[in-house]
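# Structural description and commentary
What follows is each chain in one-letter form.
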Amino acid sequence: MTAERAGDRLFRMSVAGFAGVVPLAAAALAWQLARESASTWKTFGPAFLWTLTWDPVADVFGALPFLYGTAVSSLLALLIAVPLGVGAAVFLTELAPKRLADLLMFAVELLAAVPSVILGLMGIFILVPLMRALGSPYGVGMLTAGLILAFMVLPYITAITREVLLTVPRPLKEAMYALGATRWEVVRAVSLPFSRSGIVGAVFLSLGRALGETMAVTMVIGNTPRISAALHDPGYSMAAVIANELAEAASDAHLSALVAIGLTLMAVTIVVNGAARLLLYRLEARG
Amino acid sequence: MKRALNLIALAVLLAAPAAARMKTLNGAGATFPYPIYSKWFDEYHTVKPDLQINYQSIGSGGGIRQITERTVDFGATDGPMTNQQQFKVDGKILHIPTVLGAVVPAYNLKGVEDLKLSGQVLADIFLGRITRWTDPSIAKLNAGAALPDAAITVVHRSDGSGTTYCFVDYLAKASAEWKKKVGVATAVNWPVGLGGKGNEGVAGLVKQTPNALGYVELIYAKQNDIAYASVQNKAGKFVKASIPSVTAAAAGAAMPKDYRVSITDAAGEAAYPISTFTWLLIYEKNPADKGEALRDFLRWMLKDGQTMAGALGYAPLPDSVKAMVAKTIESIK
């Protein structure tokens with residue numbers, strides 16, 4: 001009896017320790033990033049966030065073109081992938097015959113398992129020439145990056161949306177049908193509102209992935225730290241500039257500025273996740 | 001359970017002396033000479049089986065940082081350490097030149113076989129002053145060539161790189177405006193153009209984009225069958241990059257005692273102007289057994305190692321430099 005109690009206590013304490021590792025790791029990461037980038041924040045202050053120049057020779061650094069590139073390419077990806085993914089999920093749950101739905105789901109899961117560098121290669125060899133044929137001056141650019149990211153997050157949105165659509169209670173739908181509603185009316189009035197919070201969750205999970213994606217983006221975005229209204233023009237993203245320049249950053253100021261970009265990226269993801277939590281909380285409260 | 005532990009303990013006891021007999025040297029740095037370095041370390045291991053040399057090609061910047069902090073036994077770089085970087089070192093780091101490489105302007109122009117460019121024109125293109133292939137300054141160098149009436153798509157490296165350092169070092173010598181507005185480093189603030197990641201990224205963009213102009217390492221352009229331009233050297237001759245023309249550039253440079261020399265825009269009729277040495281970074285004073293191992297390896301590198309350079313697309317050191325390096329090696333302790 002006592003032995004069991006001691007065992008229980010040991011178990012409780014060890015799993016609590018495991019759980020504690022997660023926030024500790026996050027805190028240590030933030031602290032380390034802040035420490036390593038301290039000289040950048042001291043030199044440029046908060047203006048680092050809205051400075052347009054990135055000049056490693058003159059040691060003048062600003063994060064704005066990268067913030068802009070990350071935000072725009074990720075939003076473009078969602079703009080493309082959300083309607084596609086939700087539409088596909090509706091088809092898979094409500095309309096497709098079961099066999100076809102299983103086959104398609106298998107394909108969706110396969111797409112989710114493709115490593116991003118492979119998608120980047122596909123971007124270089126298929127998407128970029130295609131974009132150029134369609135009239136984009138370089139083929140690479142913000143829109144191409146958005147398309148690759150859309151490919152990448154599409155399976156997440158489809159799979160999660162399908163899962164939540166499957167949880168819609170049958171009696172609700174059957175009641176609508178009994179009232180003479182069409183399929184579209186059932187989807188619009190019952191299925192989608194019922195799965196609202198799940199879909200929002202899927203969107204934010206995808207946004208998180210798009211914000212941090214490095215390899216596939218740097219291969220097709222054009223890697224030019226400039227802000228341009230034209231979506232065909234090349235841009236740059238936060239994750240891409242860190243991956244590109246960290247290995248050869250020779251001066252301390254350059255290194256510190258890259259770490260500062262990393263800290264900014266971490267802050268952006270935390271804000272996005274926080275916003276998602278808040279939104280989900282409100283949606284649930286409203287019922 | 002107890003038996004398993006005993007077995008592990010026994011294995012550790014047996015393995016420890018074996019590990020102690022095997023000496024290792026650890027190095028890190030430049031990616032550009034990685035193919036020849038890995039070949040050297042492999043071959044040298046067959047000559048000296050009790051020495052293992054490990055090399056991580058993490059980039060010149062990383063190599064300089066690691067050797068400064070003494071986390072590796074030697075570093076490697078494509079751009080010499082600046083005075084400011086050397087000031088931070090506790091001790092004295094020697095630059096040992098190993099081989100030479102070249103950077104070539106790679107282009108994609110239908111029907112243009114042998115494009116000719118000068119340093120001034122290259123700088124103006126990368127500054128965004130010359131934007132079309134039909135610009136009179138390009139046409140003047142290429143009489144008779146069918147240059148397209150199209151915009152030039154400029155491609156550069158997006159990652160920091162010794163290749164970029166060599167290329168912009170040349171542009172800064174050819175154009176005062178480049179030196180003032182952009183400057184020289186492994187990564188710069190490019191006035192125009194697209195960024196490709198790595199040699200393969202730039203080569204891919206140039207190959208795919210009609211009317212593009214970029215820069216890649218000579219060996220990369222050769223292996224991938226990309227057209228590259230001749231560049232006008234200091235003597236006014238148009239020279240295409242090759243192993244002899246790169247060695248000629250090295251021979252034409254006056255070598256300072258610390259080997260920190262830029263040989264872009266070198267003198268000499270046959271010299272290719274966008275060439276560079278690549279260096280190993282080694283402390284003058286090393287821990288007892290390591291100094292000897294480093295010395296032995298470097299002697300071998302000067303004699304046998306140099307003969308392997310050509311096959312991999314690097315130019316071997318000219319004889320005059322070899323003689324100098326041989327003396328420097330003996331000063332390593």
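Reference entry: report on the structure contained in this document. No experiment lies behind these values; they were computed from the predicted model shown.

### Points about the overall build of chain A
For chain A, the count of helices and strands is twelve helices and two strands. Counted from the first residue to the last, chain A has its helices and strands arranged as α-α-β-β-α-α-α-α-α-α-α-α-α-α. If one aligns the C-alpha atoms of chain A with their principal axes, the spans along those axes are about 75 × 70 × 35 Å. Residues classed as buried in chain A amount to 42% of the 287 residues present. For chain A, the proportion of contacts with a sequence separation of at least 24, taken over those separated by at least 6, is 71%. Averaging the coordinates of the 19 positive side-chain charges in chain A and doing the same for the 17 negative ones gives two points 10 Å apart.

### Some points on the pattern of salt bridges
Per the stated rule, a full pass over the model turns up 19 salt bridges over all chains. A salt bridge links Lys98(A) to Asp102(A); the shortest N-O distance between them is 2.9 Å. Of the two residues, Lys98(A) and Asp102(A) are both situated in helix 4 (residues 98-112); the distance of four residues between them amounts to about one turn of the helix. Taking relative accessible area as the criterion, Lys98(A) reaches 64% and is therefore assigned exposed. Note on Asp102(A): relative accessible area 39%, which makes it partly exposed. A salt bridge links Lys237(B) to Glu269(B); the nearest nitrogen and oxygen atoms lie 3.5 Å apart. Placement of the pair is Lys237(B) in the loop between strand 9 (230-232) and strand 10 (238-239) and Glu269(B) in the loop between helix 11 (243-252) and strand 11 (275-283), with a sequence separation of 32 residues. Given the relative accessible area of 51%, Glu269(B) is considered exposed.

### Observations regarding the nonpolar core
If you look at soluble globular proteins, the nonpolar side chains tend to sit buried side by side. Membership of the largest hydrophobic core comes to 136 residues, with the highest contact counts inside it found for Trp40(B), Phe126(B), Phe277(B) and Phe297(B). With residues up to four places along the chain from it excluded, the contact list for Phe277(B) reads Asp78(B), Pro97(B), Val99(B), Leu100(B), Ala250(B), Met255(B), Val261(B), Ile263(B), Leu317(B) and Val321(B). With 18 residues, the next largest nonpolar core counts Val241(A), Ala249(A), Ala260(A) and Ile261(A) among its residues.

### Here's the deal with the sheet that holds strand 4 (residues 93-107) of chain B
Residues and elements named next belong to chain B. Overall, mixed pairing links the eight strands, which are arranged 2-1-3-11-4-8-6-7 in an open sheet. Each of the sheet's edge strands pairs with one partner strand only, and the pair in question is strand 2 (51-56) and strand 7 (194-196). Ignoring which end each strand starts from, the neighbouring axes of this sheet average 25 degrees apart. Two elements, strand 3 (residues 74-77) and strand 11, share three bridges in a ladder whose sense is antiparallel. Bridged to Ala76 within strand 11 is Leu280. Strand contacts of helix 3 (residues 60-68): strand 1 (23-29), strand 3, strand 4 and strand 11, with the helix running at about 155 degrees to strand 3, the strand carrying the most contacts. Sheet strands touched by helix 11: strand 4 and strand 11. Its angle to strand 4, the strand with the most contacts, is close to 135 degrees.

Rules used throughout
- Residues numbered from 1 in each chain as written.
- Chains lettered and ligands numbered in written order.
- Predicted model: local features only at pLDDT ≥ 70, side-chain atom pairs only at ≥ 80, totals over all residues.
- Heavy atoms only, no water.
- Helix = DSSP H or I, 4+ residues; strand = E, 2+ residues; numbered from the N terminus.
- Buried < 20%, exposed > 50% of the residue type's maximum accessible area, 1.4 Å probe, protein only.
- Contact = heavy atoms within 4.5 Å.
- Lys, Arg positive; Asp, Glu negative; His and termini not counted.
- Charge placed at Lys NZ, Arg CZ, Asp CG, Glu CD.
- Salt bridge = Lys/Arg side-chain N within 4 Å of Asp/Glu carboxyl O.
- Core = buried A, V, L, I, M, F, W, Y, C linked by side-chain atoms within 4.5 Å.
- Pairing = 2+ DSSP bridges.
- Axes fitted to C-alpha atoms, helices over the stretch in contact; angles between N-to-C directions.

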